[in-house]
Amino acid sequence: MADSKIIAVLGATGAQGGSLVRAILADPNGGFAARAITRNPGSEKARALAAAGAEVVAADADQPATLAPAFAGAYGAFCVTNFWEHFSPERELTQAGNMARAAKAAGLQHVIWSTLEDTRKWVPLDDDRMPTLMGRYKVPHFDAKGEADGIFRELGVPTTFLLTSFYWDNLIYFGSGPKRGPDGKLAITFPMDDRKLSAMAAEDIGKCAYGIFRRGREFIGKTVGIAGEHLSGAEMAAALTRALGQEVRYQAVTPEVYRGFGFPGADDLGNMFQFKRDFNDYYRGARDVAFARTLNPELQTFEQWLARNADRIPLD
Ligand SMILES: NC(=O)c1ccc[n+]([C@@H]2O[C@H](COP(=O)([O-])OP(=O)(O)OC[C@H]3O[C@@H](n4cnc5c(N)ncnc54)[C@H](OP(=O)(O)O)[C@@H]3O)[C@@H](O)[C@H]2O)c1
């Protein structure tokens, strides 16, 4: 619709931004229109978004000048950075700063910044319960996002700070799925002891973000957290056992062991899980399932997500 409020969506070809674009397009009379931002409008994913009805615009968060036209005339923006493309918290900070300045210059009325905790507020750098990484971080891919909150605040960008949760999709795409041990049995491995992991379907992040935009100015200046369910490793393993039709066990390891697994980012993720384990009451409390369901009535449980996705989980 010509008078729809345009939401400029960073990460539109990815999990978070893509789910927001789909949520906007699924509600053609909702009063919003999706502008999908990508570095490569010719990619298959970008062309699929255009075919589905999104306006596709080229911009690169590393090149601030490209963000001005991408935000021009928009009502709002969804801002997300992708740590895992470069593993650089400094680059995330720079990108977030570029987004915040462009949002301010464009006079956007509502920005959702997809953030995470700056864990250094809970575990200062001189706290040696977990190692300091990259010189000045405990959980680099969390800390830089949390630090970037301050940029949006200092610039006076009308921002909702959205705390997301671990994606169950990581079982498919991120190597977090069940692995066979030497005994041939499947197990999921987290350094969480018996504490609960706040998690959700990645597709629900965008649906919740859409719910936030629909609620107008209500959450501007606030931090809101979302999750689909809080489950222990044993509860996740039991649900996987039911969905896959074969036994999946939960293997609890220490954060030290997890950090030593050696894959890229294992130390960062080991610290992240330790943060979630050691500050579990805070972490879960900051991510409210009932609240998320008010934003997105279709919010999935793990069992519902598994019913749709279990056959996509690689079992090795
Ligand atoms: N996995 C989890 O459990 C989890 C949970 C919470 C938060 N997160 C956070 O989620 C973030 C990643 O989001 P995602 O999973 O939605 O990403 P994703 O599916 O991997 O896709 C990455 C997106 O970022 C865009 N992008 C990357 N660099 C860009 C740049 N310089 N300029 C413009 N766009 C750029 C890509 O667009 P083009 O390639 O089309 O340009 C793509 O759409 C990470 O920072 C991670 O820490 C992950």
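Worth saying up front: this structure is predicted, and the values here are computed from it rather than measured.

Take the packing of helix H3 (residues 64-71) against helix H5 (residues 89-106) next. Remark: H3 packs on H5, axes separated minimally by 9 Å, with the N-to-C direction vectors making an angle of 40°. Classified by the angle between their axes, H3 and H5 sit oblique to one another. Note on packing geometry: the crossing formed by H3 with H5 is right-handed. Contact residues: H3 offers Pro64, Leu67 and Phe71, while H5 offers Asn98, Met99, Ala102, Ala103 and Ala106. Each residue belonging to the contact of H3 with H5 can be placed in one class, and the counts come to 7 nonpolar, 1 polar and no charged.

Take the sheet that holds strand E12 (residues 229-232) next. Taken together, the 3 strands give an open sheet; going across it, the order is E7-E10-E12, and neighbouring strands pair in mixed fashion. With one partner strand each, in any of the chains shown, strand E7 (166-167) and E12 form the two edges of the open sheet. As paired elements, strand E10 (residues 196-200) and E12 share 4 bridges and run antiparallel to each other. Bridged to Ser198 within E12 is His230. Helix H9 (residues 233-244) contacts E10 and E12 of the sheet and is inclined by roughly 95° relative to E12.

Further remarks concern the sheet that holds strand E8 (residues 179-180). Pairing within the open sheet is mixed, and its 3 strands lie in the order E8-E9-E13. Edge positions in the open sheet fall to E8 and strand E13 (248-252), since each of these has one partner strand only. Across the sheet, H9 is in contact with strand E9 (186-190) and E13; its angle to E13 comes to roughly 160°.

Attention shifts here to the packing of helix H6 (residues 140-155) against helix H11 (residues 266-278). The contact between H6 and H11 brings their axes to 8 Å, and the two run at 70°. Considering their axes alone, H6 and H11 lie roughly perpendicular with respect to each other. In contact with Pro140, His141 and Phe142 of H6, H11 contributes Asp268, Leu269, Met272, Phe275 and Lys276. Its residues placed into classes, the contact of H6 with H11 shows 5 nonpolar, 1 polar and 2 charged.

Here we take up the site of the ligand. Close to the ligand lie 29 residues, the nearest being Thr13, Gln16, Thr38, Thr81 and Asn170. Backbone polar atom of Gln16 to an oxygen atom of the ligand: 2.8 Å apart, as the coordinates give it. Here Ala61 contributes a backbone N or O atom positioned 2.8 Å from a nitrogen atom of the ligand. If the ligand stood free it would expose 930 Å²; the protein chains cover 84% of that surface. Elements represented by at least two residues in the shell around the ligand include exactly helix H1 (15-25), helix H4 (83-86), H5, H6 and E7. Sorting elements by how many residues they give to the shell around the ligand places H4 first, with 3 residues. Residues that form the shell around the ligand fall into these classes: 11 nonpolar, 12 polar and 6 charged.

The rules behind the values
Residues numbered from 1 in each chain as written. Predicted model: local features only at pLDDT ≥ 70, side-chain atom pairs only at ≥ 80, totals over all residues. Heavy atoms only, no water. Axes fitted to C-alpha atoms, helices over the stretch in contact; angles between N-to-C directions. Helix = DSSP H or I, 4+ residues; strand = E, 2+ residues; numbered from the N terminus. Parallel < 35°, antiparallel > 145°, perpendicular 65-115°, else oblique. Left-handed = near helix turned anticlockwise from the far one by under 90°. Contact = heavy atoms within 4.5 Å. Nonpolar A, V, L, I, M, F, W, Y, C, P; charged D, E, K, R; others polar. Pairing = 2+ DSSP bridges. Near = heavy atom within 4 Å. Polar contact = N/O pair within 3.5 Å; in protein donor to acceptor, adjacent residues only side chain to side chain. Areas by Shrake-Rupley, 256 points an atom, 1.4 Å probe, with all protein chains shown as cover.

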